[in-house]
Amino acid sequence: MTGQFRKIAVEEAFSIPEIAKELQKVARSPSDSLDMPLVQGIYDGDPGYGRLGFLDGLLDLEERRLPDMDKNGVDMHLMLLTAPGVQMFDADTATELATVANDRIAELISRHPTRFAALASFAPQSPKRAVREMERSIRELKLNGFVVNSHTHGEYLDDQKYWPILEAAEALDRCIYIHPRAPAEGPQMFSHYGMDSAMWSYGMEVGSHAVKMMASGVFDRFPKLKICIGHMGEAVHFWLWRLSFMNKRSQGTGRAPKTQLTMDEYFRRNFVITTSGVEDPLALEYSIKKLGADSVLWAIDYPYQPTAPAVAFMDNAPISDADKAKIYGKNAERIFHIKAA
Ligand code: 1WB
Ligand code: MN
């Protein structure tokens, strides 16, 4: 540990050359997916994203990353396969590449066990094989949880075909991090002024994913399932009062299934949030007051966001040292089963 608080950043992105190559093929195929500007930009050299040089930062696991962590006093990156992960591929390609990514990241952890932990990828396209990979990645590779880059071919985790995945995560006692990609629907609305990007559509996508899961009643079936969402909870907890009110109305008119708990209660019981990419002290204060300091985790969103301001944001946050210790690292140890330092 390098400072007063152990700093575990929990939404730190990587890729591997095999997946970058496959995404370059996606970039060169005709598609009306709203992910195309990003995929073309990062994986096929479009100046929009390519200029920012994200690919180098994503593929680099140690050479630039470790010095960046050291310089800023960051103890650990919880690594996750960057969006869209394997979720734009066919089922066989996706299943194979998730396995390769998990093996690769487990190997990195074995070389730097105090500096890295990781969320396992799997291919929702093939739920049965996904469950096997989930079990392997926790039991054999000792990874720390799971990442799903939101929708898969326009389908969301409330869909019954994905229930085996939710069941496995609950049984393995590992959190699923729902990370953004561009929305499957509503592309017209989002196709202007870069609104398809992390600026706006990503939060809408994951926020809607979370609301869809809560309204579907899926947490009655999997009451111990934990979901993590980034970018200061994608603002979902700002809406809890209205979500609960309106969902009750929808239940009354038969537009939504009856559920055991309110939306507010599901969010508090089944979700944790991270600060990734939102360095706003007021939003942090609201999150702690609304959800409690046990439900907020710190993240940088490397390499998409710079490390130094993310550290300065937390260092300067007007909160107690006890809360800071939780948000900087202790909650990550608990939620992602990371050994205490
Ligand atoms: C950006 C941010 C791009 C994220 C991403 O591509 C992801 C961006 C997958 O800042 O342009 C992210 O994870 O927040
Ligand atoms: Mn991210």
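Calculation criteria
- Residues numbered from 1 in each chain as written.
- Chains lettered and ligands numbered in written order.
- Predicted model: local features only at pLDDT ≥ 70, side-chain atom pairs only at ≥ 80, totals over all residues.
- Heavy atoms only, no water.
- Helix = DSSP H or I, 4+ residues; strand = E, 2+ residues; numbered from the N terminus.
- Rg over C-alpha atoms; globule rule 2.2 N^0.38 Å.
- Buried < 20%, exposed > 50% of the residue type's maximum accessible area, 1.4 Å probe, protein only.
- Areas by Shrake-Rupley, 256 points an atom, 1.4 Å probe, with all protein chains shown as cover.
- Lys, Arg positive; Asp, Glu negative; His and termini not counted.
- Charge placed at Lys NZ, Arg CZ, Asp CG, Glu CD.
- Donors = N, O, S within 2.8 Å, 3.2 Å for Na, K, Ca; no water.
- Salt bridge = Lys/Arg side-chain N within 4 Å of Asp/Glu carboxyl O.
- Pairing = 2+ DSSP bridges.
- Core = buried A, V, L, I, M, F, W, Y, C linked by side-chain atoms within 4.5 Å.
- Contact = heavy atoms within 4.5 Å.

S.K.: In this structure, what is going on with the overall build of the protein chain? I would like to understand it.
M.R.: Helix and strand counts for the protein chain come out as 17 helices and eight strands. Against the globule reference of 20 Å for 341 residues, the protein chain gives a C-alpha radius of gyration of 19 Å, in line with a compact fold. For the C-alpha atoms alone, the extent of the protein chain along its principal axes is close to 55 × 50 × 45 Å. Counting only residues that meet the buried cut, the protein chain has 57% of its 341 residues in that class. For the protein chain, the exposed area adds up to about 14900 Å²; of that, 54% sits on carbon and sulfur atoms. Between the averaged position of the 39 positive side-chain charges in the protein chain and that of its 45 negative side-chain charges there is a distance of 5 Å.

S.K.: For this particular structure, what's the right way to read the coordination of the manganese ion (ligand 2)?
M.R.: Ideal values differ by geometry: the angle at a metal is 109.5 degrees with four tetrahedral donors, but 90 or 180 degrees with six octahedral donors. In the first shell of the manganese ion (ligand 2), the protein supplies Glu11 (OE), His179 (NE2) and Asp301 (OD), at 2.0 to 2.2 Å from the metal. Donor residues for the manganese ion (ligand 2) sit on one chain with the sequence pattern E-x167-H-x121-D. Remark: aspartate 301 occurs in the loop between strand E8 (296-297) and helix H16 (307-315) and histidine 179 occurs in the loop between strand E5 (176-178) and helix H9 (187-190); sequence separation between them is 122 residues.

S.K.: What am I meant to see in the pattern of salt bridges here?
M.R.: Opposite charge on two side chains lets them pair, provided their charged atoms get close. Across all of its chains, the model carries 16 salt bridges by this definition. Between glutamate 22 and lysine 25 there is a salt bridge whose closest N-O contact spans 3.3 Å. Placement of both glutamate 22 and lysine 25 in helix H1 (residues 17-27) is noted, with a separation of three residues, approximately one turn of the helix. Here arginine 111 and glutamate 107 are joined by a salt bridge, their closest N and O atoms 3.0 Å apart. Note that arginine 111 and glutamate 107 are positioned in helix H6 (residues 91-111) at a spacing of four residues, about one turn of the helix. Among the ionic contacts, a cluster of salt bridges with common partners joins Glu62, Glu107 and Arg111.

S.K.: What exactly am I supposed to notice about the sheet that holds strand E4 (residues 146-148) here?
M.R.: Two pairing modes exist for strands in a sheet, parallel and antiparallel, and in both the strands are linked by backbone hydrogen bonds. What the five strands build is an open sheet, ordered E4-E5-E6-E7-E8; its pairing is parallel. Only two strands of the sheet have a single partner each, and these edge strands are E4 and E8. For E5 and strand E6 (residues 227-229), the ladder comprises three bridges, and the chain directions are parallel. Across the sheet, the residue bridging to tyrosine 177 is cysteine 228, located in E6.

S.K.: Where do I start with the nonpolar core in this structure?
M.R.: Nonpolar side chains tend toward joint burial in soluble globular proteins. Among the nonpolar cores identified, the biggest contains 97 residues, and Ile176, Ile229, Leu284 and Trp298 are the most heavily contacted of them. The residues contacting leucine 284, other than those within four sequence positions of it, are Met232, Thr275, Val296, Phe313, Met314, Ala317, Ile319 and Ile327. Counting residues in each nonpolar core, the second largest holds 18 residues, with Met76, Val272, Ala299 and Phe336 among its members.

Treat this as a map of the structure, not an account of what it does.
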